[in-house]
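Spelled out, the chains give:
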Amino acid sequence: MPNKIHISATINGEETEFLCEPRQSLLEILRDTLGFMGTKEGCNNGNCGACNVILDGALVNSCLVLAVEIQGRSVTTIEGIATSEGLHPLQQKFIEHAALQCGYCTPGFIVASKALLDQNPDPSEQEVREWLAGNLCRCTGYDRIVKAVLDVADS
Amino acid sequence: MQAFDYIAPKNVDEAVSLLASQNGNAKILAGGTDLIVQLREGRRKAGLVIDVKHIPELTQIAHDENGLRIGAAAACHDICANPIVQRKYLGLVDGIHLIGGVQIQSRASVGGNLCNASPAADSIPALIVHEAVCNIAGPNGRRTLPVEEFCIAPGQNALQAGEFLVSINVPTPKEKFGAGYLRFIPRNEMDIAVVGAGASIVLDDDKKHFVSARIALGAVAPTPLFASSAGDFLAGKDLTRANIKEAARLAQAIARPITDLRGTVEHRKHLCAVLVERALDKAIERAGGQHAQ
């Protein structure tokens, strides 16, 4: 059994240290070691987007990142989206538009949408739909999700 | 997932020694969008994973008088966002941009797409028509290999024991060069090509004749295909619809697709001609040529 490796990284703005095996994904460490249960495991092979996090500004599937790869880097999970003042506008608009039903894909959609708005504050509907093509939702049919994201962009 | 050790070498020589020390038991990690899934599902085995993203040569996207050099581990997003790539290598952007959604683009590399050697890989026909060349390092030093010779069977590439892909060189396009890649899928996004087609052309000064052309196909043979006879046919010919259609027919003739869940032999053969014609039209438009009548 390979030895555990010590990793230091910034997670949701806080310096964090943990031990991991090289085979452990970032998703596994976030949920099982660090307790960030908001990041969901869906397909665990890069198709569904439920495990999306922002790694140094880039949207990634945390199931396809080894935890050892994040040494010295910065990760934002769904838990880092809201502030002490309240919900992030995306979270608020998802509620207002009822952009979720079972809610399992929602953390991934919100993190993905935040990554979009961080680099393109005023996307077109086409741009929102293309950006969210890597996130699967089996309940909503996507329309309400797209409307919620566009509403945040407008306000 | 199976247990393995992890190491992130800082230069190519170190990576070569590590690979050599493992007798085939080590795997190269770039973006991980194929490898991590394959390791998790047990389709590949590794005692050691060598992360090459800390080697500057492997993540570079550089341009000089020799053309564009893409590190084998450079992420698709970073390649497509490069201003020189956006200006001069539009055929590459067409192919690379199609690899997965945003989350995959952030991590997946063109080098990985090439090494994974899928017959349907979108970047490979695009690389072939841009005359890209692989830079390979191994225990016997460095060597180069044209991209069209890199894939040898589904999932198998031409790398010998202890070798790995360092970078891909894409020559600076000539004057009046244009290239394009497109694929057919039965939906708008997020799918694997039923057929893919790439084309590049160079026009003469009056933009009425082809100086040269290259055509490549994906998903119609065990490896991506370089349709050299179809491209060679166009060299010196007039820019006419009849000549474009004849080149498309010649490309179609070398395709040897199979019937599978994505399409039938007949459908794929039909698509070859349609897509090659459209890829040529796209390339001509980008070279500044008139739409052929």
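Residues numbered from 1 in each chain as written. Chains lettered and ligands numbered in written order. Predicted model: local features only at pLDDT ≥ 70, side-chain atom pairs only at ≥ 80, totals over all residues.

Asker: What's the story with the domain arrangement of chain B in this structure? I'm lost.
Answerer: The accessible area lost on association of the parts is a frequent measure of interface size. Residues and elements named next belong to chain B. Here chain B is partitioned into domain 1 (5-53), domain 2 (56-170) and domain 3 (177-286). One C-alpha centre belongs to domain 1, the other to domain 2, and the line joining them spans 18 Å. Taken residue by residue, the interface counts 14 residues in domain 1 and 21 residues in domain 2. A total of 5 residues in the side of domain 1 that touches domain 2 trace back to one element, the largest contributor, which is helix α1 (residues 12-21). Looking at the side of domain 1 that touches domain 2 residue by residue, the classes come out as 8 nonpolar, 4 polar and 2 charged. (Domains from an automatic or database assignment. Contact = placed C-beta atoms within 7 Å. Helix = DSSP H or I, 4+ residues; strand = E, 2+ residues; numbered from the N terminus. Nonpolar A, V, L, I, M, F, W, Y, C, P; charged D, E, K, R; others polar.)

Asker: In this structure, what is going on with helix α11 (residues 241-254) of chain B? I would like to understand it.
Answerer: An α-helical turn contains 3.6 residues, so any two residues separated by three or four positions project in the same direction. Residue and element names in this part refer to chain B. Relative to the 20 Å expected for 14 residues at 1.5 Å per residue, α11 spans 21 Å between its end C-alpha atoms, a close match to the ideal helical length. Among all positions of α11, only Ile244, Ala247, Ala248, Leu250, Ala251 and Gln252 are buried. Structurally, α11 contributes buried residues whose contacts are with β13 (210-218), α10 (228-234) and α12 (265-286). (Expected span 1.5 Å × (residues − 1). Buried ≥ 20, exposed ≤ 12 C-beta atoms within 10 Å, placed from the backbone.)

Asker: What exactly am I supposed to notice about the sheet that holds strand β3 (residues 48-51) of chain B here?
Answerer: Residues and elements named next belong to chain B. If you walk across this open sheet you meet the 3 strands as β1-β3-β2, and the pairing is parallel. Only two strands of the sheet have a single neighbouring strand rather than two, namely β1 (5-7) and β2 (26-29). Strand-to-strand, the axes of this sheet are offset by a mean angle of 25°, without reference to chain direction. The pairing of β1 with β3 spans 3 bridges and is classified as parallel. Note that in β3 the partner of Tyr6 across the bridge is Val49. (Pairing = 2+ DSSP bridges. Axes fitted to C-alpha atoms, helices over the stretch in contact; angles between N-to-C directions.)

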